[in-house]
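Okay, here's what each chain looks like letter by letter:
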Amino acid sequence: MATSPIATAADYADAMLAARRARKWLFLLLLLTLLAQIAIFLGLRLKPELFTTAVNSPSLATTEPTQHSLNVTKSLEYVSALTSFMGIALVLVLAMVLLLIVKIMLVGRLIGVSRVTSAYIWCLVLAVLLFPWQSLLSSPIHSSAGTAGYQNYNILIPGVLTTWGELTDQTYGARFNTTERSREFAALRWARFIGFPCIAIIILLYVQSQSSRGLRMALGEVEYDNPAA
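Given the structure is predicted, the values throughout are model-derived calculations rather than measurements.

## Side note on the overall build of the protein chain
For the protein chain, the count of helices and strands is seven helices and two strands. Here the protein chain holds 229 residues, and the buried ones make up 40% of them. In the protein chain, 71% of the contacts between residues at least 6 apart in sequence involve partners at least 24 apart. In the form shown here, the protein chain has an accessible surface area of approximately 12,900 Å², with 65% of it arising from carbon and sulfur atoms.

This is the structure in structure tokens:
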């Protein structure tokens, strides 16, 4: 018995609806990940006691405020490691989901595939930007104070996602000194920890907007419009 065109169209629609739900959750989680990275930097930047606890080994005899700062710093360290992992994992899964949507739309010959394809390409660009290249392309070193840094980090092109060792570096980390350095150095540091994540968020919002528009056109929720027009 031949399958009716209506059943086939409904099956394509169910597949795209499932992919759209996955894409929505991945987008939200990735957005929260990038915002968490900014929040961790601001926390270390605005709270000197957290940074001091992070870069120095705490003594055995600690007062209550110091112990509180230690607990908060440890929590930030775990969250930083989690966001670095989640950022890479989520953007790769998001790219795979967008590729799956593109394949479904191509097989079903549905409209809106150009927008989803554009979103997929920009998602790949986002994955390249998010990857912490500073961890892969440099050799980790430890200073006399026990903090982790990166050799010749100042000449590397880092990824958007930051690592805990980078954030707690006394020269290039979250508490970089703006009084003893040039304005260019301060601008680069602010761009590293605030500007790059904001650019990544803008690209992520574009990916979400383009893929959402393409899916709505394929599902007949909006009329077709030519993105090249």
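## Observations regarding the environment of G87
Turning to its location among the elements, G87 is positioned in helix α3 (residues 64–108). The spatial distance from the C-alpha of G87 to the C-alpha of L30 is 6.2 Å, given a sequence separation of 57 residues. Ignoring any residue separated from it by four or fewer positions in sequence, one finds G87 in contact with L30, T33, L130 and L161.

## Topic: the confidence of the model for the protein chain
When pLDDT is averaged along the protein chain, the result is 79, and 72% of the positions lie at 70 or above. Note that pLDDT drops below 50 for residues 140–155; the model gives that stretch 37 contacts with residues more than four away or on any other chain.

## Quick word on unusual backbone geometry
The phi angle at R109 is positive, at roughly 55 degrees, despite the residue not being glycine. Secondary-structure assignment places R109 in the loop between α3 and α4 (113–130).

## Regarding the packing of α4 against helix α7 (residues 183–218)
α7 packs onto α4 with a crossing angle of 160 degrees between their chain directions and a minimal axis gap of 8 Å. By the angle between their axes, α4 is roughly antiparallel relative to α7. Where α4 crosses over α7, the handedness of that crossing is left-handed. Residues R115, V116, S118, A119, W122, C123, L126, L129 and L130 of α4 touch α7, and the partners they reach there are A200, I203, L204, Y206, V207, Q210, S211, R213, G214, L215 and M217. For the contact of α4 with α7, the per-class residue count stands at 14 nonpolar, four polar and two charged.

## A short note on the nonpolar core
Judged by nonpolar contacts, the single largest core of 35 residues is most densely connected at L30, L34, L98, I101, L126, L130 and L204. Breaking this core down by element, the ones donating at least two residues are α1 (5–46), α3, α4 and α7. With 11 residues, the single largest contributor to this core is α3. Ignoring sequence-local partners within four residues, the contact set of L204 consists of F27, L30, L31, L34, L94 and L126. Counting 12 residues, the second largest nonpolar core, distinct from the first, contains I40, L44, F176 and A186.

## A word on a nonpolar patch on the surface
Together, I121, W122, V125, L129 and Y206 line one region of the surface with nonpolar side chains, adding up to about 420 Å² of accessible area. Overall, the relative accessible area of 33% leaves V125 in the partly exposed class.

## A word on the packing of aromatic side chains
Between two aromatic rings, the relevant description is the distance of the centres plus the angle of the planes. Enumeration according to the criterion identifies four aromatic pairs in this entry. Between F41 and F193, the ring centres sit 4.8 Å apart and the planes meet at 10 degrees, which makes this aromatic pair stacked. In this pair, F41 sits in helix α1 while F193 sits in helix α7, placing the two residues 152 residues apart along the sequence. Each member of the pair, F41 together with F193, is buried.

Calculation notes
Residues numbered from 1 in each chain as written. Predicted model: local features only at pLDDT ≥ 70, side-chain atom pairs only at ≥ 80, totals over all residues. Heavy atoms only, no water. Helix = DSSP H or I, 4+ residues; strand = E, 2+ residues; numbered from the N terminus. Buried < 20%, exposed > 50% of the residue type's maximum accessible area, 1.4 Å probe, protein only. Contact = heavy atoms within 4.5 Å. Areas by Shrake-Rupley, 256 points an atom, 1.4 Å probe, with all protein chains shown as cover. pLDDT = per-residue confidence, 0-100. Axes fitted to C-alpha atoms, helices over the stretch in contact; angles between N-to-C directions. Parallel < 35°, antiparallel > 145°, perpendicular 65-115°, else oblique. Left-handed = near helix turned anticlockwise from the far one by under 90°. Nonpolar A, V, L, I, M, F, W, Y, C, P; charged D, E, K, R; others polar. Core = buried A, V, L, I, M, F, W, Y, C linked by side-chain atoms within 4.5 Å. Patch = residues over 30% accessible without salt bridge, like charges linked within 9 Å, V, L, I, M, F, W, Y side chains within 5 Å. Salt bridge = Lys/Arg side-chain N within 4 Å of Asp/Glu carboxyl O. Phe/Tyr/Trp six-rings, centres within 6.5 Å; stacked < 30°, edge-to-face > 60°.

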